[in-house]
Amino acid sequence: MSDLLITGARTVSGGTGDLYIQDGVLADPAAAPADVPRLDADGLLALPGLVDLHTHLREPGREDAETIRSGTKAAARGGYTAVFAMANTSPVTDTAEAAMFVASRARRDGYAQVQPVGAITKGLAGEELAELGLMARSAANVRVFSDDGRCVADSLLMRRALEYVTAFDGVLAQHSQDPRLAGPTACCHEGPVSGRLGLPGWPAVAESVIVARDVQLAEATGSRIHVCHVSTAESVEVIRWAKKRGIQVTAEVTPHHLYFDTSEVQGYDTTYKVNPPLRPDEHRTAIAEALADGTIDVVATDHAPHARQDKDHDFAVASPGMLGLEQALAVVMETMVDTGRMDWAAVVDRMSAAPARIGRLAEQGRPLRLGEPGNVVLVDTTARADVDRDASRSLSRNNPYHGRTLPDPVVATVWAGRITYQR
Amino acid sequence: MKHLLAAADLSPAEIASILDLAEEMHAVQSRQVKKLPTLRGRTVVNLFFEDSTRTRGSFELAEKWMSADAVNMSGKGSSVSKGESLRDTVLTLDAMGVDAFVIRHSGSGAVHQAAGWVRPNVSVVNAGDGAHEHPTQALLDAFAMRRHFRRHSTESWEDKTIAIVGDLTHSRVVRSNVSLLQTLGAQVILVAPPTLMPAGVSTWGVEIAPDFDAVLPRADVVMMLRVQRERMAGGFFPSAREYTVGYGLTRDRLERLKPGAAICHPGPMNRGVEISSDAADSVNSLVLDQVSAGVAVRMSVLYHLLGGEGQA
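Help me understand unusual backbone geometry in this model?
Residues apart from glycine generally show negative phi values, whereas peptide bonds are mostly found in trans. All names here are of chain A. Cis geometry marks the peptide bond from Glu59 to Pro60, where omega comes out at 5 degrees. With respect to the helices, strands and loops of the structure, Pro60 is situated in the loop between strand 6 (50–55) and helix 1 (68–77). That bond from Asn275 to Pro276 is cis: its omega, -5 degrees, falls within 30 degrees of zero. Within the fold, Pro276 resides in the loop between helix 8 (255–259) and helix 9 (281–293).

What is the right way to read the interface of chain B and chain A from this model?
Accessible area lost upon the coming together of the parts serves often as the stated size of an interface. At the junction of the two partners, chain B supplies 21 residues and chain A supplies 18 residues. Elements that contribute at least two residues to the side of chain B that touches chain A include exactly helix 3 (86–94), helix 4 (110–117) and helix 6 (172–184) of chain B. Tallying contributions element by element places helix 4 of chain B first for the side of chain B that touches chain A, with three residues.

Would you mind showing me how to read the nonpolar core here?
For soluble globular proteins, nonpolar side chains are generally found buried alongside one another. With 136 residues, the main nonpolar core has Ala46, Phe145, Ile287 and Leu378 of chain A as its most contacted residues. Considering each element in turn, this core owes the most residues, seven residues, to helix 11 (residues 328–337) of chain A. What Ile287 of chain A contacts, discounting residues up to four positions off in sequence, is Val230, Ser231, Val236, Val253, His257, Leu258 and Ile296 of chain A. The next biggest cluster of nonpolar side chains, apart from the first, holds 97 residues, and it includes Met25, Ala100, Phe101 and Ala115 of chain B.

Would you explain the domain arrangement of chain B in this entry?
Residue and element names in this part refer to chain B. When cut into domains, chain B gives domain 1 (7–134 + 294–306) and domain 2 (135–290). One C-alpha centre belongs to domain 1, the other to domain 2, and the line joining them spans 25 Å. Every contact between the two is made by 23 residues of domain 1 and, on the other side, 21 residues of domain 2. Looking at side-chain class alone, the side of domain 1 that touches domain 2 contains 13 nonpolar, six polar and four charged residues.

Sorry, what's going on with the sheet that holds strand 6 of chain A here?
Sheet strands line up and pair through hydrogen bonds in the backbone, either parallel or antiparallel. Residues and elements named next belong to chain A. Strand order in the open sheet formed by three strands is 6-7-8, with parallel pairing between adjacent strands. Every other strand in the sheet has two partners, leaving strand 6 and strand 8 (113–116) as the edge strands with one partner each. Strand-to-strand twist in this sheet, taken as the mean axis angle between neighbours without regard to direction, amounts to 20 degrees. The pairing of strand 7 (residues 80–85) with strand 8 spans four bridges and is parallel. Looking at strand 8, one finds that Ala82 is bridged to Gln113. Each of strand 6, strand 7 and strand 8 is contacted by helix 1, which is oriented at about 135 degrees to strand 7, the strand it contacts most.

Just to check I follow, could you spell out the sheet that holds strand 15 (residues 298–299) of chain A for this structure?
Residues and elements named next belong to chain A. Reading across the sheet, the five strands line up as 9-10-13-14-15 and stay open at both edges, with parallel pairing between neighbours. Since the sheet does not close on itself, it has two edges, and those belong to strand 9 (144–145) and strand 15, each with one partner. Across two bridges, the pairing between strand 9 and strand 10 (residues 171–174) is parallel. Counted as the bridge partner of Val144 is Val171 from strand 10. Helix 6 (residues 205–221) rests against strand 10, strand 13 (225–227) and strand 14 (249–253) of the sheet, and its axis sits at about 160 degrees to strand 13.

I would appreciate a short explanation of helix 6 of chain A in the present structure.
For the α-helix, the turn length of 3.6 residues means that residues three or four positions removed from each other point alike. All names here are of chain A. The first and last C-alpha atoms of helix 6 sit 24 Å apart over 17 residues, in line with the 24 Å expected at 1.5 Å per residue. Contact partners of the buried residues in helix 6: helix 4 (155–165), strand 10, strand 12 (201–202), strand 13, helix 7 (233–244) and strand 14. With its phi angle positive at about 65 degrees, Gly222 sits one or two positions after the end of helix 6.

Teacher, can you tell me more about helix 11 (residues 287–306) of chain B here?
Residues and elements named next belong to chain B. Between its terminal C-alpha atoms helix 11 stretches 29 Å, which fits the 28 Å expected from 20 residues at 1.5 Å a residue. The sharpest bend along helix 11 reaches about 25 degrees and sits at Ala293. Summarising burial for helix 11: 14 of the 20 residues are buried, a large majority.

What should I look at first to understand the confidence of the model for chain B in this one?
Interpretation of this model should avoid reading the predicted coordinates in detail wherever pLDDT is low. Looking at chain B as a whole, the pLDDT averages 93, with 96% of positions reaching at least 70. Predicted complex, confidence summary: ipTM 0.94, pTM 0.95.

Would you mind showing me how to read the packing of helix 4 of chain A against helix 6 of chain A here?
Residues and elements named next belong to chain A. The N-to-C vectors of helix 4 and helix 6 enclose an angle of 45 degrees; their axes lie 9 Å apart at closest approach. Considered as vectors, helix 4 and helix 6 are oriented oblique to each other. Our pair here, helix 4 against helix 6, has a crossing hand that is right-handed. Within the contact between the two elements, helix 4 uses Ser155, Met158, Arg159, Leu162 and Glu163 and helix 6 uses Arg213, Asp214, Leu217, Ala218 and Thr221. Of the residues belonging to the contact of helix 4 with helix 6, the class tally is four nonpolar, two polar and four charged.

How should I be thinking about the pairing of strand 16 (residues 376–379) of chain A in this particular structure?
If a strand is regular, its side chains alternate between the two faces of the sheet. Residue and element names in this part refer to chain A. Because side chains alternate across strand 16, one face comprises the buried residues Val376 and Leu378, and the other comprises Val377 and Val379, equally buried. Pairing of strand 5 (residues 45–48) with strand 16, which is carried by four bridges, proceeds in the antiparallel orientation. Across the sheet, Ala46 pairs through a bridge with Leu378, a residue of strand 16. Relative to strand 19 (residues 410–415), strand 16 runs antiparallel, the two being bridged by four bridges. Opposite Val379, over in strand 19, you have Val410 as the bridge partner.

The rules behind these values
- Residues numbered from 1 in each chain as written.
- Chains lettered and ligands numbered in written order.
- Predicted model: local features only at pLDDT ≥ 70, side-chain atom pairs only at ≥ 80, totals over all residues.
- Helix = DSSP H or I, 4+ residues; strand = E, 2+ residues; numbered from the N terminus.
- Contact = placed C-beta atoms within 7 Å.
- Core = buried A, V, L, I, M, F, W, Y, C linked by C-beta atoms within 7 Å.
- Buried ≥ 20, exposed ≤ 12 C-beta atoms within 10 Å, placed from the backbone.
- Domains from an automatic or database assignment.
- Nonpolar A, V, L, I, M, F, W, Y, C, P; charged D, E, K, R; others polar.
- Pairing = 2+ DSSP bridges.
- Axes fitted to C-alpha atoms, helices over the stretch in contact; angles between N-to-C directions.
- Expected span 1.5 Å × (residues − 1).
- Bend = angle between axes of the 7 residues up to and from the residue.
- pLDDT = per-residue confidence, 0-100.
- Parallel < 35°, antiparallel > 145°, perpendicular 65-115°, else oblique.
- Left-handed = near helix turned anticlockwise from the far one by under 90°.

Given below as structure tokens:
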């Protein structure tokens, strides 16, 4: 816990002033001692630290692709002060011990708070429940459970898991992919592009049928369901319907589904292979509008580092996923703010407050007020830069924005008073 | 031309040039001594990640008759199963200093990727990538069809209708043929059960016909594609018998073809399933002409890629 005085920052509500962080908590700037370390934020916009509900840190297991240290450094570069670390590591985070390993390693190495996500099923195999309660009651305090990368396809198992986690206010984050409609080789949105390229199709309906099933199971069990990386217009319609009915459903969208469409894969560049796949423009527009109107609650990166050798296979075999942490806010600015779809207050909600609330992370996503945690990202709303994958703080280079000019908003990130990134 | 990756990349002039030179090469095939010195000293690696008998053999003959040093390498088991990436496999062989690769791979796009990885002076020929393209097949089909048209009517492509029938979803042959035939100006009709029609086929600018019988009297060529029995397990159609009744070129359908209409099949044929023996062996069957054209067309392609100014 550090002390820091941030001077001259604008806030989303329009005022300008100083932010004093004492012992990691926002305190009265008038009480700041003269010799406190200072951060000049003149002309910058101060936002609460961003929270990513969907990050792959790859540690333990694939430390050549990413570590908790490198992944959280990338997170800090992107303005994040907390990330939820997905469970598909090796070993899988499906026990309290595995969750506590991630939490303790993060306390040692982290440039941001790391909240482990627990697997829903043992080994992500979709057959038996993982020890959900032990993970929840452990020091890692797991509240979000996900088999991300795989869908819990068995309806009965999904029902049981939803029922079970109500005991400790858990939420299931589902990777919605009917494994029969979109099997293991599915890698390109099913449509004219997949048909021309001869790539196995991943039809939009393979997502929305699972979303439709899950929201009804959530209603029947009185439980909470979170839909990962929504990519289709039909899923949006189902979620809208479910929210109107009062079902406890939340949803996320990734920066890359807001920014790219299916045409990117036409050169078979495996950087653009991601699951769910990039969709045509009509889906992209639908999810952007849903994010703006709140049908989709959060932007989550699905930051998925991959070593080069895992991407250098033919398209159907290459590992799916792309980096996201460092450019997420830039992409949201480009696609949502600069287009007039969302204001900065909405950005704070979708990228900080809502993800912390869904993941039950009390010390994150809070407004910049006295007594609240000193998690701040300082934003230059005018800067732009060419993205260079080799300048990444991630260990991996599968950055889909490489070579493109994007906003470059993050000037500094402060986590509990500690500067975790400064340009 | 540097690479031959997709029929879709070929201009009408390039197609004409390849087919015309193939005519000359075809004459060489019937000689007793078939060796041409054209590619002496050049090395071509046939890198096949997927099993192939006829395509690999056809390329190998073409290379040998052009006096190139032909080396066959099986990519099977050398890549993913040993933990090596496709890129490393290609870079490793490329570093040995070859002049051209002929590559077949089960993954769509793999040959395009390889072309991006080889040294700048190395040519890559796509010998079939997944369900994407098989450009030399489309060229040899066009060669055999053109010869047939010259024998029976006019050479003009504009007044010709080619029906392609079968498992179109999983076929690289159909994608290459549609591109090439459209460039040549022919009309294409695709015939398949709806489950075997490629996604987005309505954007291809071709006619889509679920009823093979209605197409029979209109087609100048019927190209029958192989239907793999394992597709039944995927639920694409209920049985080989039902497929044959709906989409097979049976004896009965053979009789209802336009007089002089040609029959093509890229092989290997499932006689009795998509094509009857009566059709396969009929006087207008081009099946063996296609095979023979394959060597000539591949000789021509290799000449276009390697035989120009880079010649020693």
